[in-house]
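Given next are the chains, with one letter for each unit.
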Amino acid sequence: MQKRFIAVFGLLLLGFCPILKAQAKEDLLVITDRSVYLSGESVFFSLYCIDSSLKNYAENSKLAYVELINQEKTAVVQSIVRLDKGRGQGVLYTNFQFSSGIYEFRAYTNWMRNWGESSYFRKPLLLVNPYDSSFFVENKKKLAATVSRSSATSRNDNQSPEAIIQLNAPVIPSRSLIECRVNFSTSIPASGLTVTVVPADEPELPEWVNEPSLSSGATKNIEFLPELEGPLIKVAVTDITNGEPVKNVMGILNSTGNAIIVSAAKTNQQGICWFNPGLRLQRGAIFAQILNAGKREDQLKLEIEHFFAPVSETISSGYPRLSEEQVELLRKRFIHLQLAADSQPTINLNDTSQLRFLDTIPFGKPDMRYRLKDYTRFLSMQEIFREFIPEVRVRKVDSLFQVKVRNKSIPGFFEGDPLILLDGQIITNPNFLLELNPLEIEEIEILMQKLIVNGLVNDGAILVKSNGKIAKTGVLPVHALTLFYPGIQQVVSTSWPDYAKKVPATDRIPDRRQLLYWSPKISDTDDLHEINIKFFSSDIPGKYRIRIRGLDSKLHPVDISTVFTVEN
């Protein structure tokens, strides 16, 4: 995996940037479940990454960056979403601290950043804070374009597939099964579809017309590379004594968490390291450090380029004016939102606390794992290694310790030094490891094979996990630049009530769902002439709209809908 990345990166450096510049022109299309939200509701979205030159899904970029920006040009929510064959999905979580107003939803890939903000996908969202009484009382004073009701209709133009939506019944009782069959024309099948079912009379914002500037091909020199195999993290190293870049030294990027990630790279002539830690990089702290630079660590300055693009402009949009009927609908929706909180728990896709990877390092499973609570707690780390970790040999020469790892391929120990990680951070001085307090160590893992990560070569590895108190003391000996990485959203399937099997229809807990159904990806099939959708109605009577949006097999837009009625 890493060798393939090195090869591609080498091609870029050898002059293939003009070819990529001329051919790979990525555009993003994003579909959200709504355009008007209450503060505290979740914004569900699906992404389509398109190669505008080849008229196909773009498969180079594996990550998309999604943000919600207020009118003060501040990103209030940010998320990194994985793209699989040009498709992605995710959720942005709002809270009751968000003030009422127009927010800008924008999405882009790292490659798209070369063309600036004009190439990003951008659309307006209205957030209404129910606790903001001024929004309801003084709404008429905030004059602008009036928000219309949802008016999605079948788009049967020359470039869109014709479709017929059939329901099992035009009127559906509450908590009843709704079956929807969609038949597309045989000439142009659908390929990627997103389904939303919401009340038909709720307000909807008109979308901005996004005109990417990629077609012109005019851009400055390529600064941002396509993320072919995961996040690319750029670290610049300079000598603060003379301001010159530090060339040809080994840089290390590592992270803590349930899965420890290590990535290595050498600085180029501009003093820049490009790290590719892979798609398993989790939410949490990451550390960048330089090894064997021939200078004191306090002479080096490390700078990490921020993962998200800066916000220099926002598309201005007038504050919408809602009718009294629409305001009343939002009031009722707020009540239903509170009642549904217990019966429809929200899944936080950024929460990785429950994740546990079997491979705790990117080189494979550890050969041995020692949980110190299962052994006698000795008074020093030297005794721990010497008494019950025979895979590690500890010797002291003068005042310095030497630590070697057993070679599982042949009898004996490696001659070179192992990779030592303490809570994911590289330790270059074995003395520091052996002077730790054993009571603060929870686990030690040993890997007994030669490790090669790009230009970093070590004879085995020792991974030490503490109880977290060591990092808080700030006594780690290595100077490292620390930055918080927001993590890649984990794809979690959202569950919907099933009154036929899981939840009895006579259950006394009220079902106050306003979003009856959301599916960002109906099927993995690229040739859909017919789709079948099944979901259950809630307790709220009224008219609901099934809206199906996405792309057909020729990447033409699909936007069809129908309305049905729910009665008690």
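Source: prediction; values computed, not measured.

Sorry if this is basic, but what is going on with the overall build of the chain here?
Helix and strand content of the chain: 6 helices and 33 strands. Sorting the 568 residues of the chain into buried and exposed places 51% on the buried side. Expressed as a percentage of contacts within the chain between residues at least 6 apart in sequence, the contacts between residues at least 24 apart total 74%. Of the roughly 27000 Å² of accessible surface on the chain, 50% is carried by carbon and sulfur atoms.

Could you clarify how one ought to interpret the sheet that holds strand β31 (residues 530-536) in this entry?
Within a sheet, each strand pairs with its neighbour through backbone hydrogen bonds, oriented either parallel or antiparallel. One open sheet holds the 3 strands; their spatial order is β11-β13-β31, and the pairing between them is antiparallel. Each edge of the open sheet carries a strand with a single partner, namely β11 (163-167) and β31. Between one strand axis and the next, the sheet turns by 15 degrees as a mean value, whatever way the strands run.

Is there a simple way to think about the confidence of the model for the chain in this case?
One rule of thumb: low pLDDT means the predicted coordinates there are not for detailed reading. A residue-level look at the chain finds 76% of positions with pLDDT of 70 or above and a mean pLDDT of 78. Averaged over each element, pLDDT in the chain is lowest for helix α1 (residues 2-23) (42) and highest for strand β5 (residues 63-69) (95). When the criterion is pLDDT under 50, residues 1-22 qualifies, and its contacts beyond four places in sequence or with other chains add up to 25 contacts. In the predicted structure, residues 140-146 sits below a pLDDT of 50 and forms 15 contacts with residues beyond four places in sequence or in another chain.

Looking at this structure, how should I read the sheet that holds strand β20 (residues 284-291)?
Pairing is antiparallel in the open sheet, where 4 strands are placed in the order β18-β17-β20-β29. On the outer flanks of this sheet lie β18 (261-266) and β29 (481-485), each paired with one strand and no other. When the angles between neighbouring strand axes are averaged without regard to direction, this sheet yields 20 degrees. Across 6 bridges, strand β17 (residues 250-255) lies against β20 in antiparallel orientation. Pairing of Leu253 across the sheet is with Ala288, part of β20.

Would you mind showing me how to read the pairing of strand β9 (residues 121-128) here?
Sheet faces and side chains relate simply in a regular strand, where the side chains alternate between the two faces. Burial runs high along β9: 8 of the 8 residues are buried. Because side chains alternate across β9, one face comprises the buried residues Phe121, Lys123, Leu125 and Leu127, and the other comprises Arg122, Pro124, Leu126 and Val128, equally buried. Bridge count between strand β2 (residues 36-38) and β9: 3 bridges; the pairing is parallel. Looking at the pairing, Tyr37 lines up with Leu127 of β9. Where strand β8 (residues 101-108) lies against β9, 7 bridges are found, and the strand directions are antiparallel. Looking at β9, one finds that Ile102 is bridged to Leu126.

Which parts of the structure should I look at to understand the packing of aromatic side chains?
The way to describe two aromatic rings as a pair is by their centre distance and the angle between their planes. Here the structure, examined in full by the defined rule, presents 18 aromatic pairs. Here Phe45 and Phe105 contribute two aromatic rings whose centre-to-centre distance is 5.6 Å and whose plane-to-plane angle is 65 degrees, an arrangement assigned as edge-to-face. In this pair, Phe45 is assigned in strand β3 (residues 42-51) and Phe105 in strand β8, connecting sequence segments 60 residues apart. Classification of Phe105 as buried rests on a relative accessible area of 0%. Here the aromatic rings of Tyr544 and Phe564 are separated by 5.9 Å at their centres, their planes lie at 20 degrees, and the arrangement is stacked. Of the two residues, Tyr544 is situated in strand β32 (residues 542-552) and Phe564 in strand β33 (residues 557-567); the sequence distance between them amounts to 20 residues. Residue Tyr544 is classed as buried on the basis of its relative accessible area, which comes to 2%. Taken together, the ring pairs in this structure connect Trp496, Tyr517, Phe535, Tyr544 and Phe564 into an aromatic cluster.

Where do I start with unusual backbone geometry in this structure?
Among all residues except glycine, the phi angle is most often negative; among peptide bonds, the trans geometry is most common. Even without being a glycine, Lys73 presents a positive backbone phi close to 65 degrees. Along the chain, the position of Lys73 falls in the loop between β5 and β6 (75-82). Not every positive phi belongs to a glycine, and Asn248 is a case in point at roughly 55 degrees. Note on placement: Asn248 falls in the loop between β16 (233-239) and β17. Given a relative accessible area of 54%, Asn248 falls into the exposed group.

What exactly am I supposed to notice about the environment of Lys301 here?
Summarising the element assignment, Lys301 is placed in strand β21 (residues 300-304). As for Lys301 and Asp239, which are separated by 62 residues in sequence, their C-alpha atoms are 6.3 Å apart.

Is there a simple way to think about the pairing of β3 in this case?
By the criterion of burial, β3 is predominantly enclosed, with 10 of the 10 residues buried. Because side chains alternate across β3, one face comprises the buried residues Ser42, Phe44, Ser46, Tyr48 and Ile50, and the other comprises Val43, Phe45, Leu47, Cys49 and Asp51, equally buried. Across 7 bridges, the pairing between strand β1 (residues 26-32) and β3 is antiparallel. Each bridged residue has a counterpart across the sheet, and for Ile31 the counterpart in β3 is Ser46. Direction of pairing for β3 relative to strand β7 (residues 87-93): antiparallel, over a ladder of 7 bridges. Each residue of the ladder has a partner; that of Tyr48, found in β7, is Arg87. Note: β3 against strand β4 (residues 56-57), 2 bridges, orientation antiparallel. In the sheet register, Asp51 faces β4, and the bridge partner there is Asn56.

What counts as what
Every chain is numbered on its own, with residues counted from 1 as its sequence reads. Given that the model is predicted, a residue must reach a pLDDT of at least 70 before its local features are reported, and side-chain atom pairs must reach 80 or more before they are shown or counted; all residues, however, enter totals for whole chains, interfaces and linings. Side-chain measures were taken over the full set of non-hydrogen atoms in the model, leaving aside hydrogen atoms and water. Put simply, DSSP marks the helices as runs of H or I at least four residues long and the strands as runs of E at least two long, and each gets a number from the N terminus on. Buried residues are those whose accessible area, probed at 1.4 Å on protein chains only, stays under 20% of the maximum for their type, while exposed residues exceed 50% and partly exposed ones sit between those limits. Contacts: residue pairs with any heavy atoms within 4.5 Å of one another. We get accessible surface area from the Shrake-Rupley algorithm with a probe of 1.4 Å; when it comes to residues, only the shown protein chains can shield them. Should DSSP find at least two bridges between two strands, the strands are taken to pair. Note on geometry: axes are lines fitted to C-alpha atoms, helical ones only across the stretch in contact, with angles between N-to-C directions running from 0 to 180 degrees. Scored from 0 to 100, pLDDT records how confident the predictor is in each individual residue. Each Phe, Tyr or Trp ring, with Trp reduced to its six-membered ring, pairs with another whose centre is within 6.5 Å; inter-plane angles below 30 degrees give stacked pairs, above 60 give edge-to-face pairs, and intermediate values give tilted ones.

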